[in-house]
Amino acid sequence: MELLHHASFGIGVLGVLVIVFGVGCGLVRFVLAEVSAARGLIVDEERKRLRHVLGYYLLLGLEFLIAADIIDTLMKPNTQDLVILGAIVAIRTVISYSLNSELAHEAPHKPTLT
């Protein structure tokens, strides 16, 4: 049980670190894009890439956090914990689905060769 608790905690911390890293990368890309925009350059594609990169890291971090929640609940399963886990997983799944569909919608389309 102690090992599962440490594993769950480590996975949760990893999820948070992935999100923080993604936000850091996104912040750097954002600042660079805005500096370029201030210089008069067109930065629409860079802003789309920024959203894509940030969305990727958010999705990955959420997956780690869901895994940590599942492990936590498996260690002490009672009805209240299972209901809470179900709600958390449902909310995070909706967020993940929304981010995923938005990223797929904004993904750059490659021209097809005919």
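Please read these numbers as outputs of a predicted model, since none were measured by experiment.

Conventions and cut-offs
The residue numbers shown here count from 1 along each chain, following its written sequence. Per-residue local features of the predicted model are confined to residues with pLDDT of at least 70, and side-chain atom pairs are confined, for both listing and counting, to 80 or more; whole-chain, interface and lining totals are unaffected and use all residues. Hydrogens and water molecules were not included; the side-chain quantities draw on all heavy atoms of the structure. Salt bridge, as used here, is a side-chain nitrogen of Lys or Arg placed within 4 Å of a carboxyl oxygen of Asp or Glu. Helix and strand labels come from DSSP, where a helix needs a run of H or I of at least four residues and a strand needs a run of E of at least two; each type is numbered from the N terminus. With a 1.4 Å probe rolled over the protein chains alone, any residue whose accessible area is under 20% of its type maximum counts as buried; one over 50% counts as exposed, and the rest are partly exposed. Should any heavy atoms of two residues lie within 4.5 Å, those residues are counted as being in contact.

In this section: the pattern of salt bridges. Applying the stated rule across the entire model yields 4 salt bridges. In this structure, Glu46 and Arg29 form a salt bridge, with 3.3 Å as the shortest nitrogen-oxygen distance. Of this pair, Glu46 sits in helix 2 (residues 44-75) while Arg29 sits in helix 1 (residues 2-38), and the two are 17 residues apart along the sequence. When the shortest N-O distance is used, the salt bridge between Lys48 and Glu45 registers 4.0 Å. Of this pair, Lys48 and Glu45 are both found in helix 2, 3 residues apart, which corresponds to roughly one turn of the helix. By relative accessible area, which is 45% here, Glu45 ends up partly exposed. Salt bridges sharing partners connect three or more residues here, namely Arg29, Glu46 and Arg49.

With respect to the secondary-structure elements, Gly22 resides in helix 1. In this structure Gly22 comes out as buried when scored by relative accessible area, which is 0%. Note: C-alpha distance between Gly22 and Val35 (13 residues apart in sequence) is 20 Å. Excluding residues that lie within four positions of it along the chain, Gly22 makes contacts with Leu54 and Tyr57.

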